[in-house]
4 protein chains.
Amino acid sequence: MTALTLDAAQTILSAALAAAAEKGFKPLAVALVDARGALKAFAAQDGTSLKRGEIALGKANGALALGLGSRAIARMAVERPHFIAAATQAVGGSLVPVPGGVLVREATGELVGAVGVSGDTSDNDETAAVAGIRAAGLTPDTGEG
Amino acid sequence: MTALTLDAAQTILSAALAAAAEKGFKPLAVALVDARGALKAFAAQDGTSLKRGEIALGKANGALALGLGSRAIARMAVERPHFIAAATQAVGGSLVPVPGGVLVREATGELVGAVGVSGDTSDNDETAAVAGIRAAGLTPDTGEG
Amino acid sequence: MTALTLDAAQTILSAALAAAAEKGFKPLAVALVDARGALKAFAAQDGTSLKRGEIALGKANGALALGLGSRAIARMAVERPHFIAAATQAVGGSLVPVPGGVLVREATGELVGAVGVSGDTSDNDETAAVAGIRAAGLTPDTGEG
Amino acid sequence: MTALTLDAAQTILSAALAAAAEKGFKPLAVALVDARGALKAFAAQDGTSLKRGEIALGKANGALALGLGSRAIARMAVERPHFIAAATQAVGGSLVPVPGGVLVREATGELVGAVGVSGDTSDNDETAAVAGIRAAGLTPDTGEG
């Protein structure tokens, strides 16, 4: 089992923020938790709202909690809202069921952490997360289809 | 009052996990609470996600909280979502209203505990719980219509 | 990095409970969390009090939170009680600073989880935990001086 | 009012971690909150324990909560433990009253945020925080005498 290093985590963060800047996104908060759910790295761009970070963390934590990219969790939230509402409470409250929470996997498929991004549209948040993960040579799992 | 023994609890757990393995389910978390709501036994199979156990516990706790198998609670969640949402908060947050939370009864009907399973589909989670309870010579109450 | 398997976890549990029975301990609750802090296995012997399990979990979670066997945390609680009190709140409340919370390490020293035991004296709780861990061929780290 | 920029925050983080590495400290978690108490940047070095980040955040949040470097809060914890215990609950639980929580000020004295460090001794945690803040051309306020 591989642990996500701080170097890799900070590469993911920088690349996510660089992609966002290049595409002219609104200010983003980016959170990276390791496979234990412990916060590994975090950055909130200048101009982010007071609790933007908590939303980003909710996307990362929720994805890790259920073992699904948040795009899949978003589908569940539409199909079985009562389940997602209850699951959010059962896991302690930090689960945000919209795109932008992306699992980080090794090429083998092994799960090493999750990225959560918030600040622009959910789709754009996810785009930044994916760019960051790929820049670190890791595999993003968005929960797509 | 008959108390659920650890021997019976561990039989339920083993049999539930064995049924799941035989049927090729995804990795499961199985929680067994006694009639007081105290955790009696628990096992998380290798490969379960970070908070899979909390979801399983939510099914067991929710069933015990309302005295109903969670298949019945799932029907309530669809028919009266505002009630289930409020009940979840009133009981402290651990109530997951989908199948997989099964009350454990003696042949007399006496309630001795609840099993909660999560990790595959809700229907399959329930199947594993039922198999476990029956293997211990006890009676499963799923909340089926 | 090695993950603690359910087989190993259940061996630890069984051996801990067997050692306790052999030594005539009071009924114990034994909790095993993996390196992520996720509950892996749990058993409460017949006759344990209502919240005995939460105490056992607090010893395991506290040891993992600080990366120290709880015998070391107990010394900190005596020398710097304000720190331990605050740390308990900072980590979410599940930190019990007395012996009985033992880190589980591979022979390499790699941390794979933590055991928490409660029900007899703290020293005896720790004895049961150590017996369990050794029976699984793993290395106990009690936080001893 | 001057806001702490992400550039400055990341300079503080990098310099704190570099100072720690140079001095051979144990792995550290470093948290930086802005004047609003919103998390601005965070990094956990490889090898930090599961909840090390929460301890670091508790030092930063506590310093900002009371407007005092945590060395001063540590003195209060010894002289008036009942006050610090109560204050910790009143502020929501994230207040760790030992050195390592350092306020970040402009040269004018204006408060722009707080750094919290945990992982080595409290004195060394504080040393790393101070090094980071100075590297960004800002003024550290440790709560010293």
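All figures in this text were calculated on a predicted structure; none of them were measured in a lab. (Residues numbered from 1 in each chain as written. Chains lettered and ligands numbered in written order. Predicted model: local features only at pLDDT ≥ 70, side-chain atom pairs only at ≥ 80, totals over all residues. Heavy atoms only, no water.)

1. A few points about the overall build of chain A
Then comes step 1: Per the secondary structure count, chain A includes five helices and five strands.
Then comes step 2: Sequence-ordered secondary structure for chain A, helices as α and strands as β, is α-β-β-α-α-α-β-β-α-β.
Then comes step 3: If one aligns the C-alpha atoms of chain A with their principal axes, the spans along those axes are about 35 × 35 × 25 Å.
Then comes step 4: Per-residue burial over chain A gives 55% buried out of 145 residues.
Then comes step 5: Residue pairs at least 24 apart in sequence account for 65% of intrachain contacts in chain A once pairs closer than 6 positions are excluded.
Then comes step 6: Of the roughly 5300 Å² of accessible surface on chain A, a fraction of 53% belongs to carbon and sulfur atoms.
Then comes step 7: Counting 12 positive and 14 negative side-chain charges, chain A places the centres of these two groups 4 Å from one another. (Helix = DSSP H or I, 4+ residues; strand = E, 2+ residues; numbered from the N terminus. Buried < 20%, exposed > 50% of the residue type's maximum accessible area, 1.4 Å probe, protein only. Contact = heavy atoms within 4.5 Å. Areas by Shrake-Rupley, 256 points an atom, 1.4 Å probe, with all protein chains shown as cover. Lys, Arg positive; Asp, Glu negative; His and termini not counted. Charge placed at Lys NZ, Arg CZ, Asp CG, Glu CD.)

2. Digging into the interface of chain D and chain A
Then comes step 1: Contacts between chain D and chain A engage 18 residues on the former and 18 residues on the latter.
Then comes step 2: Interface area, chain D with chain A, both sides summed: about 1400 Å², of which 51% is carbon and sulfur.
Then comes step 3: It is Arg36, Phe42 and Leu50 of chain D in chain D that bury the most area against chain A; as a group they hold 32% of the surface buried on that side.
Then comes step 4: Along the contact surface separating chain D from chain A lie two salt bridges. (Buried area = accessible area lost by both parts, 1.4 Å probe. Salt bridge = Lys/Arg side-chain N within 4 Å of Asp/Glu carboxyl O.)

3. Observations concerning the relation of the copies chain C and chain A
Between the two copies of the chain lies a relationship made up of a rotation around an axis and a movement along it.
Then comes step 1: You can overlay chain C on chain A at an RMSD of 0.0 Å; the transform is a turn of 180 degrees with a shift of 0.0 Å along its axis. Between the two chains, the operation in question is that of a two-fold axis.
Then comes step 2: Looking at chain C, 100% of its interface residues are interface residues in chain A too, so the copies touch through the same face. (Least-squares fit on C-alpha atoms with pLDDT ≥ 70 in both.)

4. With respect to the pairing of strand β1 (residues 29–34) of chain B
Residue and element names in this part refer to chain B.
Then comes step 1: Along β1, six of the six residues are buried, which leaves the element largely enclosed by surrounding structure.
Then comes step 2: Neither face of β1 is open: one carries Ala29, Ala31 and Val33, the other Val30, Leu32 and Asp34, and all of them are buried.
Then comes step 3: Alignment of β1 against strand β2 (residues 39–44), held across five bridges, turns out to be antiparallel. Paired with Ala31 across the strands is Phe42, a residue of β2.
Then comes step 4: Between β1 and β2, which follow one another and run antiparallel, lie four residues, and Gly37 among them has a positive phi close to 85 degrees.
Then comes step 5: Strand direction decides the pairing type here: β1 and strand β4 (residues 111–118), joined by six bridges, are antiparallel. Each residue of the ladder has a partner; that of Asp34, found in β4, is Gly113. (Pairing = 2+ DSSP bridges.)

5. Focus on the sheet that holds β1 of chain B
Two orientations exist for strands paired in a sheet by backbone hydrogen bonds: parallel and antiparallel.
Then comes step 1: The sheet built from ten strands is open, its strands ordered β5(B)-β3(B)-β4(B)-β1(B)-β2(B)-β2(C)-β1(C)-β4(C)-β3(C)-β5(C) with antiparallel pairing. Of all the strands in the sheet, the pair left with one neighbour each is β5 (139–141) of chain B together with β5 (139–141) of chain C. Across the sheet, the axes of successive neighbouring strands diverge by a mean angle of 20 degrees, strand direction being ignored.
Then comes step 2: The pairing of strand β3 (residues 101–105) of chain B with β4 of chain B spans five bridges and is antiparallel. Paired with Val102 of chain B across the bridge in β4 of chain B is Val115 of chain B.
Then comes step 3: Those strands touched by helix α1 (residues 6–22) of chain B are β1, β2, β3 and β4 of chain B together with β2 (39–44) of chain C, and its axis lies near 25 degrees from that of β2 of chain B. (Axes fitted to C-alpha atoms, helices over the stretch in contact; angles between N-to-C directions.)

6. Examining the packing of helix α1 (residues 6–22) of chain C against helix α5 (residues 122–135) of chain C
Residues and elements named next belong to chain C.
Then comes step 1: Relative orientation of the contacting elements α1 and α5 amounts to 135 degrees, with a least axis distance of 7 Å. Our classification of the angle between α1 and α5 gives oblique. For α1 against α5, the interelement crossing comes out right-handed. Between α1, through Thr11, Ile12, Ala15, Ala16 and Ala19, and α5, the contact on the second element is made entirely by Ala128, Ala131, Gly132, Ile133 and Ala135. (Parallel < 35°, antiparallel > 145°, perpendicular 65-115°, else oblique. Left-handed = near helix turned anticlockwise from the far one by under 90°.)

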